[in-house]
Amino acid sequence: MSHQSSFKPLQPKVIAVVPAAGIGSRMKAECPKQYLPLADSCILAVTLDVLLSHPAIDEVFVALNADDQFFAQLPQAQHPKLHQVIGGAERVDSVIAALKQIDDAVSWALVHDAARPCLTHADIDKLLASREQYPQGAILAAPVRDTMKRARKDGCIDTTVPRDALWHALTPQFFPTATLLPALEQAVQAGVNVTDEASAMEWAGVAPGLVSGRADNIKVTHPDDLPLAALYLAHHRSIN
Ligand SMILES: Nc1ccn([C@@H]2O[C@H](COP(=O)(O)OP(=O)(O)OP(=O)(O)O)[C@@H](O)[C@H]2O)c(=O)n1
Ligand SMILES: C[C@](O)(CO)[C@H](O)COP(=O)(O)O
């Protein structure tokens, strides 16, 4: 009698890392932008709810500003899957601080900006599923739609940049924890301007995969982004 093996290889843990220690200076708001009102709560709470409610995400590490006065009041602060760490001076420092708290050497880190509350479970699923195609790691990204110009110092057009291979890097960005942390630390040590996890991996010689994601997964950066995020969220909720 043949016995179908019921053995299923254990999937490595997926640990979300949420850099949320910024001050949101470009928003010119009264409070750090991650605490600005959105939907029925605030930007950070909406972002955390998307990650905490995803069945394939095992833990969530949120990197907070050392002077954060707001997070403790959020219901998400009590979630059993959530861990708080103190972030650093730059986004990359906050991500490194969180990664250093992960004690699972075979886990994968899903790094997602607190300031991107319009992420969907469908896009998370796409990125998680890309692990087979891109064992080196991958990022959500959106192909550029507009004609791209490079500016001259006088504010006029210097040149048109071919856009056929240009993508907007979004988040989450998804890498093995064991390769991501040293890549980030060594890139910072080398003085590289690390604005996303992929740029450190590229510096380390890795070519991360590009996984096409929703263009409405915007980063709330400037004041006019907030009403847009609210519209996108309302749309997502109306169709789900
Ligand atoms: N030292 C920092 C700086 C930024 N971030 C986080 O990184 C994400 C993306 O950064 P950005 O949009 O630039 O946020 P801020 O740095 O807060 O914005 P600004 O540059 O306008 O001050 C945000 O969720 C932000 O909270 C962080 O964790 N630690
Ligand atoms: C990580 C990121 O959201 C990818 O586009 C972006 O690099 C963050 O840049 P910021 O200046 O820290 O907002």
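Just so you know, these numbers come straight off a predicted model, no measurement behind them.

About the thresholds
Residues numbered from 1 in each chain as written. Chains lettered and ligands numbered in written order. Predicted model: local features only at pLDDT ≥ 70, side-chain atom pairs only at ≥ 80, totals over all residues. Heavy atoms only, no water. UniProt positions renumbered as here; feature names shortened; annotations may be inferred. 1 Å grid on protein atoms, 1.4 Å probe; cavity = no way out; pocket = protein on both sides within 12 Å on 5 of 7 lines; lining within 4 Å. Contact = heavy atoms within 4.5 Å. Polar contact = N/O pair within 3.5 Å; in protein donor to acceptor, adjacent residues only side chain to side chain. Helix = DSSP H or I, 4+ residues; strand = E, 2+ residues; numbered from the N terminus. Near = heavy atom within 4 Å. Sits in = over half its atoms within 2 Å of the grid points. Nonpolar A, V, L, I, M, F, W, Y, C, P; charged D, E, K, R; others polar. Buried < 20%, exposed > 50% of the residue type's maximum accessible area, 1.4 Å probe, protein only. Arc of directions from axis to C-beta. Pairing = 2+ DSSP bridges. Axes fitted to C-alpha atoms, helices over the stretch in contact; angles between N-to-C directions. Points joined across faces, edges and corners; volume = space filled by probe spheres on them.

Participant: Quick question: what am I supposed to make of the UniProt feature "site: Positions MEP for the nucleophilic attack" (unreviewed entry) in the protein here?
Facilitator: What UniProt calls "site: Positions MEP for the nucleophilic attack" (unreviewed entry) maps, in this numbering, to Arg163 and Lys219. Filtering the just-named annotated residues for those lining the largest pocket gives Lys219. Every residue in contact with arginine 163, bar those within four places of it in the chain, is listed here: Val144, Arg145, Asp146, Thr147 and Met148. Within the structure, arginine 163 has its side chain in polar contact with the backbone oxygen of aspartate 146 (distance 3.4 Å). Within the element layout of this structure, lysine 219 appears in the loop between β11 (209-212) and α6 (225-239). Sequence-distant contacts of lysine 219, that is, excluding residues within four places in its chain, are made with Arg26, Asp113, Ala115, Arg116 and Asp225.

Participant: What's the story with the site of ligand 1 in this structure? I'm lost.
Facilitator: Not every one of the 18 residues close to ligand 1 is listed here, only the nearest: Gly24, Ser25, Arg26, Lys33 and Ser94. Between a nitrogen atom of ligand 1 and a side-chain N or O atom of serine 94, the distance comes to 2.8 Å. More than half of the atoms of ligand 1 fall within 2 Å of the grid points belonging to the largest pocket. For the shell around ligand 1, the secondary structure elements donating two or more residues are β1 (14-20) and α2 (91-99). Looking at the shell around ligand 1 residue by residue, the class counts come to seven nonpolar, five polar and six charged.

Participant: Teacher, can you tell me more about helix α3 (residues 121-129) here?
Facilitator: For an α-helix the count is 3.6 residues per turn, leaving residues at separations of three or four pointing the same way. Those residues of α3 not exposed but buried are Asp123, Ile124, Leu127 and Leu128. Projection of α3 onto a plane perpendicular to its axis shows the buried side chains occupying an angular sector of 135°, all on one side.

Participant: Is there a simple way to explain unusual backbone geometry in this structure?
Facilitator: Put simply, threonine 171 and proline 172 share a cis peptide bond, and its omega is 10°. Locating proline 172 in the fold gives a position in strand β10 (residues 167-176). Even without being a glycine, alanine 39 presents a positive backbone phi close to 50°. Mapped onto the elements of the fold, alanine 39 is located in the loop between β2 (37-38) and β3 (41-42).

Participant: Honestly, the sheet that holds strand β4 (residues 59-64) in this entry has me stumped. Any pointers?
Facilitator: Think of a sheet as strands paired side by side through backbone hydrogen bonds, with each pair either parallel or antiparallel. Read from one edge to the other, the open sheet built from seven strands follows the order β5-β4-β1-β6-β10-β7-β11, with strand pairing classed as mixed. With partners counted over all chains shown, the strands left at the sheet margins are β5 (82-86) and β11, one partner each. Averaged over neighbouring strand pairs, the angle between their axes works out to 30° when direction is ignored. Against the sheet, helix α4 (residues 177-189) engages β6 (108-111) and β10, with an angle of about 120° to β10.

Participant: Would you mind going over the layout of surface pockets with me for this structure?
Facilitator: Where empty space is left becomes clear once a probe the size of a water molecule has been rolled over the atoms. By volume, the largest pocket is sized at about 960 Å³. Residue lining of the largest pocket: 38 residues in total, with Gly22, Arg26, Glu90, Arg91 and Lys219 positioned closest to the centre. Elements with a contribution of two residues or more to the lining of the largest pocket: β1, α2 and β10. Per-element accounting of the lining of the largest pocket gives the leading share, four residues, to β10. The class makeup of the residues in the lining of the largest pocket is 16 nonpolar, 14 polar and eight charged. Of the volumes computed, that of the second largest pocket is approximately 220 Å³. For the lining of the second largest pocket, a count of residues per class yields five nonpolar, five polar and three charged.

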